[in-house]
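Structural description and commentary
The chain contents come next:
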Amino acid sequence: MSRYDAVVVGSGPNGLAAAIRLAQAGASVHVLEAKDTLGGGMRTAELTLPGFHHDVCSAAHPMGILSPFFRTLPLDRHGLSWVQGDASVAHPFEDGPAVLLSRSLEATVAELGADGERYHKLVRPFLSDPHAFVKDALAPLRIPTHPLTMLRFGLLGLRSAVGLGKRFEGERAKALLAGCAAHSVLPLSKSFTGALGLVFLITAHIETWPVVRGGSQALADALVAHLRELGGTLETGRMVERAEDLPDAKLYLFDTSPDQVARIAGPALPLGYLRRLGRYRYGPGVFKLDWALDGPVPWRDPRCVTASTVHVGGTMGEVAAAEAAMWRGEHPERPFVLMVQQADLDPSRAPEGKRTGYAYCHVPAGSEVDLTDVVERQVERFAPGFRDRILARHVSHTRDMHAHNPNYVGGAVTGGVADAFQLFTRPVARWNPYSTPNPRVFMCSAATPPGGGVHGMCGFYAAEGALRRLARVSQAAPLR
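So, here's what we can say about the structure. All of these numbers come straight from a predicted model, not from anything done at the bench.

Calculation notes
- Residues numbered from 1 in each chain as written.
- Predicted model: local features only at pLDDT ≥ 70, side-chain atom pairs only at ≥ 80, totals over all residues.
- Heavy atoms only, no water.
- Helix = DSSP H or I, 4+ residues; strand = E, 2+ residues; numbered from the N terminus.
- Rg over C-alpha atoms; globule rule 2.2 N^0.38 Å.
- Buried < 20%, exposed > 50% of the residue type's maximum accessible area, 1.4 Å probe, protein only.
- Contact = heavy atoms within 4.5 Å.
- Areas by Shrake-Rupley, 256 points an atom, 1.4 Å probe, with all protein chains shown as cover.
- Lys, Arg positive; Asp, Glu negative; His and termini not counted.
- Charge placed at Lys NZ, Arg CZ, Asp CG, Glu CD.
- Phe/Tyr/Trp six-rings, centres within 6.5 Å; stacked < 30°, edge-to-face > 60°.
- Pairing = 2+ DSSP bridges.
- Axes fitted to C-alpha atoms, helices over the stretch in contact; angles between N-to-C directions.
- Polar contact = N/O pair within 3.5 Å; in protein donor to acceptor, adjacent residues only side chain to side chain.
- Core = buried A, V, L, I, M, F, W, Y, C linked by side-chain atoms within 4.5 Å.
- Parallel < 35°, antiparallel > 145°, perpendicular 65-115°, else oblique.
- Nonpolar A, V, L, I, M, F, W, Y, C, P; charged D, E, K, R; others polar.
- Salt bridge = Lys/Arg side-chain N within 4 Å of Asp/Glu carboxyl O.

Time to look at the overall build of the chain. For the chain, the count of helices and strands is 17 helices and 16 strands. The C-alpha radius of gyration of the chain comes to 22 Å, within 12% of the 23 Å expected for a compact globule of 480 residues. By principal-axis analysis of the C-alpha atoms, the chain measures approximately 65 × 50 × 45 Å. Counting across all 480 residues of the chain, residues that qualify as buried make up 61%. Excluding contacts between residues fewer than 6 apart, the proportion of contacts in the chain whose partners are at least 24 apart in sequence is 76%. When the accessible surface of the chain is totalled, it reaches about 17,700 Å², and 53% of it is carbon and sulfur. Counting 50 positive and 46 negative side-chain charges, the chain places the averaged centre of each group 8 Å from the other.

Here we take up the packing of aromatic side chains. Within the structure shown, the criterion is met by 10 aromatic pairs. Note on Phe133 and Phe153: the rings are 5.3 Å apart at their centroids and 80° apart in plane angle, and the pair reads as edge-to-face. One end of the pair, Phe133, is in helix 5 (residues 130-137); the other, Phe153, is in helix 6 (residues 147-157), with 20 residues separating them in the sequence. A relative accessible area of 3% places Phe133 in the buried class. The buried category is assigned to Phe153, whose relative accessible area is 10%. Judged by centre distance (6.2 Å) and plane angle (75°), the ring pair of Tyr358 and Tyr360 falls under edge-to-face. Considered together, Tyr358 and Tyr360 belong to a single accessibility category, that of buried residues. One aromatic cluster in this structure is built from Phe69, Phe460 and Tyr461.

Attention now goes to the sheet that holds strand 1 (residues 4-9). Spatially, five strands are ordered 9-2-1-10-16 in an open sheet, and the strand pairing comes out parallel. Every other strand in the sheet has two partners, leaving strand 9 (233-235) and strand 16 (441-443) as the edge strands with one partner each. Neighbouring strand axes in the sheet, compared pairwise and without regard to direction, differ in orientation by 20° on average. For strand 2 (residues 29-32) and strand 9, the ladder comprises three bridges, and the chain directions are parallel. Each bridged residue has a counterpart across the sheet, and for Val31 the counterpart in strand 9 is Leu234.

The next subject is the sheet that holds strand 7 (residues 99-101). If you walk across this open sheet you meet the seven strands as 7-6-12-13-14-11-15, and the pairing is mixed. The open sheet is flanked by strand 7 and strand 15 (390-396), the only strands paired with a single partner. On average, adjacent strands in this sheet sit at an angle of 20° to one another, irrespective of strand direction. Here three bridges tie strand 6 (residues 87-91) to strand 7, and the two strands are oriented antiparallel to one another. Following the sheet pairing, Val89 is matched in strand 7 by Leu101.

Attention now goes to the side chain of Gln378. In this fold, Gln378 is placed in helix 15 (residues 372-382). On the basis of relative accessibility, which here comes to 1%, the residue Gln378 falls in the buried class. Within the structure, Gln378 has its side chain in polar contact with the side chain of Arg381 (distance 2.9 Å). Once you skip the residues sitting within four places of it in the chain, Gln378 turns out to touch Val312, Gly313, Arg334, Pro335 and Val337.

With that settled, consider the nonpolar core. Membership of the largest hydrophobic core comes to 102 residues, with the highest contact counts inside it found for Leu22, Tyr119, Leu223 and Leu253. Considering each element in turn, this core owes the most residues, eight residues, to helix 17 (residues 457-470). Every residue in contact with Leu253, bar those within four places of it in the chain, is listed here: Ala6, Val7, Val8, Val9, Ala18, Leu22, Phe442, Cys444, Ala462, Ala463 and Ala466. In this structure, Val297, Ala307, Val363 and Val379 belong to the second largest nonpolar core, which totals 27 residues.

Take the packing of helix 8 (residues 171-181) against helix 9 (residues 193-204) next. Where helix 8 contacts helix 9, the two axes come as close as 7 Å, and the packing angle between them is 100°. Here helix 8 lies roughly perpendicular to helix 9, going by the angle between them. Along the contact surface, helix 8 presents Leu176, Leu177, Cys180 and Ala181, while helix 9 presents Thr193, Leu196, Gly197, Leu198, Phe200 and Leu201. Class assignment of the residues belonging to the contact of helix 8 with helix 9 gives a composition of eight nonpolar, two polar and no charged.

On to the side chain of Lys250, then. With respect to the helices, strands and loops of the structure, Lys250 is situated in strand 10 (residues 249-254). The buried category is assigned to Lys250, whose relative accessible area is 18%. Beyond its immediate stretch of four places on either side in the chain, Lys250 contacts Tyr4, Asp5, Arg440, Leu470, Val473, Ser474, Gln475 and Ala476.

For the structure shown, the criterion picks out 31 salt bridges. For Glu229, the salt bridge is made with Arg77, and the minimal N-O distance between the two is 2.4 Å. Of the two residues, Glu229 sits in helix 10 (residues 217-229) while Arg77 sits in the loop between helix 2 (62-66) and strand 5 (82-84), which places them 152 residues apart along the sequence. The exposure class of Glu229 is partly exposed, given its relative accessible area of 45%. The salt bridge partner of Glu376 is Arg387, with a shortest N-O separation of 3.4 Å. On the criterion of sequence distance, the pair formed by Glu376 in helix 15 and Arg387 in the loop between helix 15 and strand 15 is long-range, its members being 11 residues apart. Each of Glu333, Asp373, Glu376, Arg377, Arg387 and Arg393 takes part in a single network of salt bridges with overlapping partners.

Right under this line is the structure:
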């Protein structure tokens, strides 16, 4: 049996990032993937009709294009091409024009009317060295590159999105913030939701949120190609259910959920640590729809079609009410719906003249409720005639998301709750959150800092810790 310096279980963005970083340092790395295709959440498939290519999970990639690690890799040489529209986000209203979040700060300020100067004052301080800000925001707890900037961000981000929104007077600015903050999958009244909303606003002024030409699978393919170029090896269709299923290695890195780590590596970990992993909170899931469409979404404000992402939810009050209801275990009649318009930016996704549609809303963990009608009615509020454009649909319940990727426990696609109690202590409170009590076992999934998103930074930082450990491990051995 082959022996490796490191075996990585899981080929999502973090698993591949960890493997690449290890291979860059000269380590022999082998990646195991249970599915027949590599990529984790970065997969694309014909889910509805022939010729319609849908992203199974991740779709728009604000953190992918800005990832401090991905930016250092020659992924364009391996076929990666980002496609950007005129705006990152469109936030439509029933009774007026949509708000467009553009890369131009001045253009976005103009969208917000009387609140424009307040918005400028909120966002502008973080754009003086934007890539350093992103690097600090996507890092585990450490001394930041710009301490004063991060102190300012921390003081603002401690607030809830609703609290942060009180600096605005009009509904347009409040709604724009609410839509970005709702990516947190938390009630907007909770602390730290202001931080995520602010991060997403800032990213849109650095790079317009892109999609990947050809589908998110192309990002996975580029990462895989670079790993192979570095000498790494990968194996698909390799289900790992227990330690005995693992090849011998010096170190093991798990791009998996905490419950999978406990199940596979449990015999090599102390009971106290396993109990702490068992208390990890995964949070709400998603209900997702993919559509084959007979043309662009007929938004009431046609400018919405120029944005990669559309936040469908109305006012801040409506968005906040929907997310609060979801958190209570309810299914609101007017949910917050996150839509991505890949084929409007990338015509290769659909036959000529046609479009793909992608949307999901947050639901209680493990929900079995079919929200097809609810979601489509919500879209129809802001795009009259939308249903007439639907040629076919594909429905994904929480169980389908979990079956697609075992990391999505209960349908939770972000890797776990990121509230005040778990944001900095995921998966458990440790000085090095990627390490475990077993010096040969590391975690590198979205259950570790900085959490969910296609950025690879969980894997990068886990690999950095693993490399320091690797120098002190003499030989490969079974994990027992």
